Amino acid sequence: MIVWVNGAFGSGKSTLVDELRPRWPEALVFDPEMVGFVLREIVEVPTGDFQDLGLWRRQVADLAKGLVEEYQRPVLVPMTLINPGYIAEIFGALKDTGIPVHHFCLKVSEDALVKRIDGRSFTPDDPAQDERVRGWCKSKIETCTAAVDTLPRDTVFLDGELSPRELADNVLDRVGVLPGR
């Protein structure tokens, strides 16, 4: 099984996955950003967004599928994914393998997103880079929140302003994992 945790930057995807890890120890965590970081070292990303690379989308689907098949364990995927075509491509490739995909989206108000992003440090040793990353994340808020209406029909929307524990309870309940397992 794959549990994809979606939402705007600052919505709490990684925090939710961090809460799930000790309560679902057999689950593996796969962050597709790592695939993007590797590709950026190898090829140019003309748009600046590695999600626009077809190779990134194929590799994300293949690696998630491979993790489930090779290790026979559930995989948690915290990743903002809002382009309907990219979602269809990645989720379609996963579903074609017969692996169940549970798609959750954390909904958070714009004010809360801005506050969370402003409170984060992405590159503590480089304040100028930190500010650029914060600016980029905030520039995507409107696009991410507007994309909620285009997500697949089976997306489960969660109130991202709930506590991480409450959110984890919701996810575990919906995927059929007993709390504390």
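Residues numbered from 1 in each chain as written. Predicted model: local features only at pLDDT ≥ 70, side-chain atom pairs only at ≥ 80, totals over all residues. Heavy atoms only, no water.

## Overview of the overall build of the chain
Using the following cut-off: Secondary structure elements follow DSSP: runs of H or I no shorter than four residues count as helices, runs of E no shorter than two count as strands, and numbering proceeds from the N terminus. Two things to know: the radius of gyration comes from C-alpha atoms, and the globule rule equals 2.2 Å times the number of residues to the power 0.38. Relative accessibility under 20% of the residue-type maximum defines a buried residue, over 50% an exposed one, and the middle range a partly exposed one, all with a 1.4 Å probe and only protein chains included.
When its secondary structure is counted, the chain shows eight helices and five strands. Radius of gyration (C-alpha) of the chain: 16 Å, near the 16 Å computed for a compact globule of 181 residues. Over its C-alpha atoms, taken along the principal directions, the chain stretches across nearly 45 × 35 × 35 Å. Counting all 181 residues of the chain, 42% fall into the buried class.

## Here's the deal with the packing of aromatic side chains
The condition that has to hold: Planes of paired rings set the category: under 30 degrees apart is stacked, over 60 is edge-to-face and the rest tilted, where pairs are Phe, Tyr or Trp rings (Trp by its six-membered ring) whose centres lie within 6.5 Å. Only Lys NZ and Arg CZ are tested; either one counts as a charge over a ring when it is within 6 Å of the ring centre and within 35 degrees of the ring normal.
Tallying each qualifying case throughout the model produces four aromatic pairs. Here Phe37 and Phe50 contribute two aromatic rings whose centre-to-centre distance is 6.2 Å and whose plane-to-plane angle is 85°, an arrangement assigned as edge-to-face. Remark: Phe50 occurs in the loop between α2 (33-42) and α3 (54-71) and Phe37 occurs in helix α2; sequence separation between them is 13 residues. Relative accessible area serves as the criterion here: at 36%, Phe37 is assigned to the partly exposed category. In this structure Phe50 comes out as buried when scored by relative accessible area, which is 6%. Both rings, one in Phe50 and one in Trp56, keep their centres 5.6 Å apart while their planes meet at 45°; by these two values the pair is tilted. By the burial criterion, Phe50 is buried, and Trp56 matches it. Through pairs of rings, three or more aromatic residues link up here, namely Phe37, Phe50 and Trp56. When the ring centre of Tyr86 is taken as origin, the NZ or CZ atom of Arg57, which lies over that ring, is 4.0 Å away.

## Side note on the side chain of Thr155
Quick note on the threshold: Side-chain atoms alone can form a polar contact between residues adjacent in sequence; in general such a contact is a pair of N or O atoms within 3.5 Å, and within protein one must be able to donate a hydrogen while the other accepts it. Two residues qualify as a contact provided that any one of their heavy atoms is within 4.5 Å of a heavy atom in the partner residue.
Along the polypeptide, Thr155 turns up in the loop between α7 (141-147) and β5 (156-159). A polar atom in the side chain of Thr155 sits 2.8 Å from the side chain of His103. Look past the residues within four positions of Thr155 in its chain and what remains in contact with it is His103, Phe104 and Cys105.

## Things to note about the sheet that holds strand β2 (residues 28-29)
Note the following rule: In short, DSSP must find at least two bridges between two strands for them to pair. Lines fitted to C-alpha atoms define the axes, with helix axes restricted to the stretch in contact, and inter-axis angles between N-to-C directions lie between 0 and 180 degrees.
If you walk across this open sheet you meet the five strands as β2-β3-β1-β4-β5, and the pairing is parallel. Either end of the sheet is taken by a strand with one partner, and the two such strands are β2 and β5. In the packing of helix α8 (residues 164-175) onto the sheet, the strands contacted are β1 (2-7), β4 (101-107) and β5, and the crossing angle to β4 comes to about 155°.

## What about the pattern of salt bridges?
Just so we agree on the cut-off: Basic side-chain nitrogens of Lys or Arg form a salt bridge, by our definition, when they fall within 4 Å of a carboxyl oxygen of Asp or Glu.
Throughout the structure, instances matching the rule amount to nine salt bridges. With a shortest N-O distance of 2.2 Å, Asp169 and Arg23 are connected by a salt bridge. You can see Asp169 sitting in helix α8 and its partner Arg23 sitting in helix α1 (residues 13-23), a full 146 residues away along the chain. On the basis of relative accessible area, Arg23 is assigned to the buried category, the value being 8%. Taken together, the shared-partner salt bridges in this structure form one network comprising Glu19, Arg23, Arg165 and Asp169.

## A look at the pairing of β1
Across the six residues that make up β1, a large majority, six, are buried. By the alternation rule, side chains of β1 split into Ile2, Trp4 and Asn6 and Val3, Val5 and Gly7, which are all buried. Looking at chain direction, β1 and strand β3 (residues 75-78) are connected through four bridges and run parallel. When the bridges of β3 are listed, Trp4 appears paired with Val77. Bridge count between β1 and β4: six bridges; the pairing is parallel. Note that in β4 the partner of Val5 across the bridge is Phe104.

Nothing here speaks to function; it is geometry throughout.
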